[in-house]
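# Chains, contacts and geometry: an overview
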Amino acid sequence: MKVVLFPALLMFSAWRLCSAVAGGMLFPKESPSREVKEVNGVWKFRADFSDSRNAGFEEQWFKRRLEETGPVSDMPVPASFNDMSQDPRLRDFIGWVWYEREAWIPGRWLADRGQRVVLRVGSAHYFSVVWVNGVEVTQHEGGHLPFEADISDLIRKDPAQLCRITIAVNNTLTLRTLPPGTIQYMNDPTRYPAGYFVQNTNFDFFNYAGIHRPVLLYTTPLAHIDDITVQTSFQDNTGLVSYQVSIQGSQDVTVTVNLSDKDRRSVATASGTSGTLKVADVNLWWPYLMHENPGYLYSLEVHMSAKSGGSQYEDYYTLPVGIRTVQVTKTQFLINNKPFYFHGVNKHEDSDIRGKGLDWPLIIKDFNLLKWLGANSFRTSHYPYAEEILELCDRHGIVVIDECPGVGIKDIRSFGNESLAHHLVVMEELVRRDKNHPSVVMWSVANEPASEMPPAGFYFKSVIEHTRSLDRSRPVTFVSDSNFARDKGAPYVDVICVNSYFSWYHDPGHPEVIQIQLNTQFENWYRMYEKPIIQSEYGADVVPGLHTDPPMMFTEEYQKTVLQNYHAVFDQKRKEYVIGELIWNFADFMTAQTITRVVGNKKGIFSRQRQPKAGAFLLRERYWRLANETGRLPPWGRYPCA
């Protein structure tokens with residue numbers, strides 16, 4: 001018997017998943033007109049272990065309390081469910097899991113008919129259906145971006161009733177999802193039990209699942225600020241902030257905007273739903289280690305006054321704004337007209353117990369390690385990270401290459417029209433969410449796709465051009481490990497990003513070939529496309545504490561040797577057209593079980609517990625030296641050995 005992982009009752013809404021993204025997705029914040037209530041914590045949880053994985057829909061678990069449907073357990077939100085139980089079936093579970101939480105809605109929210117109450121899920125992997133008090137309110141496809149629903153009418157039907165939130169999440173990956181995957185059924189009864197199947201993927205990280213980011217309830221007036229878009233530039237000492245405000249719920253509106261500096265002093269004002277603010281003696285947003293004043297943010301305070309249906313509405317929203325520009329030439333990446341060199345890391349939202357769940361202690365620790373390391377940038381490999389992380393990047397001046405979940409596109413069927421339509425929607429959702437973050441300087445639409453396949457040219461031309469149409473202010477790329485001459489997507493990118501693992505996956509154990517092969521790689525790509533190049537991945541696995549002399553693979557000495565050989569070539573080519581180096585990886589992370597992985601990927605320069613390996617100290621010295629060469633650092637920002 002084959003498992004039905006996406007029940008037929010959901011297919012009626014498939015058209016919605018490929019339609020254009022509508023409306024804004026402002027991060028919920030409190031203001032004089034808005035309130036936010038977290039519904040995180042311990043939820044009731046049940047995995048659907050039925051043979052069809054469809055019992056929850058057939059028996060309509062959403063229509064009553066989850067514990068009335070059968071055995072439930074406690075599950076923290078936000079977190080991945082996989083590592084929370086000693087039951088191995090849950091660790092590798094594929095199919096539908098069900099969450100439930102009951103919460104009181106403040107009486108003033110229910111009494112005020114002039115405001116909306118919105119339920120927002122920061123992210124849930126992969127496909128989600130949400131009910132409130134047994135009524136479906138929204139569906140969402142995609143594991144890394146937020147979705148929400150207006151639940152005002154539902155919760156006001158019975159103000160004395162607890163608000164029961166039920167969320168069903170399915171982590172099945174197919175050839176049209178991002179990332180893609182396949183379900184393989186094992187039908188040999190002499191080797192496998194009846195109905196046995198596995199989820200196959202083409203990416204090298206664990207398919208953590210669940211409700212990964214905060215679940216919030218928040219309010220806005222019925223007539224409200226729906227979206228804000230900001231574009232920035234400068235001329236001499238004058239900053240220019242062009243803004244556009246979208247209003248929902250009224251046509252009779254008055255909008256005023258005020259831009260304040262860090263000391264909350266007003267520096268510019270305007271009125272209307274669109275316009276340009278001029279800021280004298282502007283403080284630009286600079287990357288960390290490039291300037292003595294990194295991460296400078298102004299505050300754009302938007303006030304809306306509106307009339308609708310005989311009522312008056314007021315709404316307030318404050319958006320942090322960093323004034324900066326981004327440009328790409330044939331040989332350079334420019335931030336504020338100054339050459340910027342990416343010396344940073346690739347990361348994963350991966351922790352010991354919470355999987356990919358938002359974890360504030362881990363986030364703060366990672367930012368402190370980034371600064372200790374002297375890193376000025378990272379790539380969100382291989383999916384969008386939490387909005388909370390990007391807000392910290394804005395404040396600290398950490399530059400971000402923002403990547404969508406387009407990893408593992410290896411099967412020719414994943415280049416079809418259905419996959420392409422979904423990919424376009426994902427980019428719309430990503431740009432809509434992250435367009436105002438000054439730390440985000442480039443969009444990445446994929447990682448290591450099979451870009452030599454015949455359909456890849458049209459596919460990536462479409463995705464890249466669509467992304468540019470959504471945001472003209474940032475370059476667009478994808479990350480390649482294909483042959484330079486056969487890569488059909490490379491002609492359309494603004495920056496060439498290349499992954500290579502010389503002396504690891506190629507010529508393993510022979511670091512003496514690295515410099516020759518890396519130099520050839522760079523020369524081939526630049527000669528073909530004449531675009532700046534980032535070494536977007538390189539590295540070697542190392543088991544912490546494992547040592548040999550001479551160096552051997554998996555030892556700390558071998559990782560150092562690999563890095564030193566790569567760095568020698570980087571130092572030559574960064575004088576020409578190489579604009580960055582991003583080590584793989586910041587920290588060890590969990591993967592599926594394979595014969596090449598010992599409890600996860602060990603290419604981190606930090607362990608999964610965030611302890612430094614020998615490579616971290618080597619990289620720290622290098623990154624601080626690079627910063628002292630290219631930046632204007634205050635005395636406390638200089639690496640003492642430089």
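Bear in mind that the values here come from a model prediction, so they are computed numbers and not experimental data. (Residues numbered from 1 in each chain as written. Predicted model: local features only at pLDDT ≥ 70, side-chain atom pairs only at ≥ 80, totals over all residues. Heavy atoms only, no water.)

## Brief notes about the packing of helix α6 (residues 360-373) against helix α7 (residues 387-396)
Relative orientation of the contacting elements α6 and α7 amounts to 30 degrees, with a least axis distance of 11 Å. Put simply, α6 runs roughly parallel to α7. With respect to the hand of their crossing, α6 and α7 are arranged in right-handed fashion. In contact with Trp360, Ile363, Ile364, Phe367 and Lys371 of α6, α7 contributes Glu388, Ile389, Leu392, Cys393 and His396. For the contact of α6 with α7, the class distribution of residues is seven nonpolar, one polar and two charged. (Axes fitted to C-alpha atoms, helices over the stretch in contact; angles between N-to-C directions. Helix = DSSP H or I, 4+ residues; strand = E, 2+ residues; numbered from the N terminus. Parallel < 35°, antiparallel > 145°, perpendicular 65-115°, else oblique. Left-handed = near helix turned anticlockwise from the far one by under 90°. Contact = heavy atoms within 4.5 Å. Nonpolar A, V, L, I, M, F, W, Y, C, P; charged D, E, K, R; others polar.)

## A short note on the sheet that holds strand β17 (residues 252-260)
Pairing within the open sheet is antiparallel, and its four strands lie in the order β18-β17-β20-β21. Edge positions in the sheet fall to β18 (266-271) and β21 (311-321), since each of these pairs with one other strand and no more. Here the average twist between neighbouring strands, direction ignored, is 15 degrees. Pairing of β17 with strand β20 (residues 298-308) involves nine bridges; the strand directions are antiparallel. Considered in β20, the bridge of threonine 254 is made with serine 305. (Pairing = 2+ DSSP bridges.)

## A look at the confidence of the model for the chain
Looking at the chain as a whole, the pLDDT averages 93, with 95% of positions reaching at least 70. Counting contacts from residues 6-19, a segment whose pLDDT is below 50, to residues more than four positions away or on other chains yields 27 contacts. (pLDDT = per-residue confidence, 0-100.)

## Concerning the sheet that holds strand β14 (residues 215-221)
In spatial order, the strands read β1-β14-β5-β9; together these four strands make up an open sheet with antiparallel pairing. Strand pairing shows two members of the sheet lacking a second neighbour, β1 (36-38) and β9 (147-150), which therefore form its edges. In this sheet, neighbouring strand axes are inclined to one another by 20 degrees on average, regardless of whether the strands run parallel or antiparallel. Pairing analysis gives three bridges linking β1 to β14, with the strands arranged antiparallel. The residue bridging lysine 37 from the neighbouring strand is leucine 217, located in β14.

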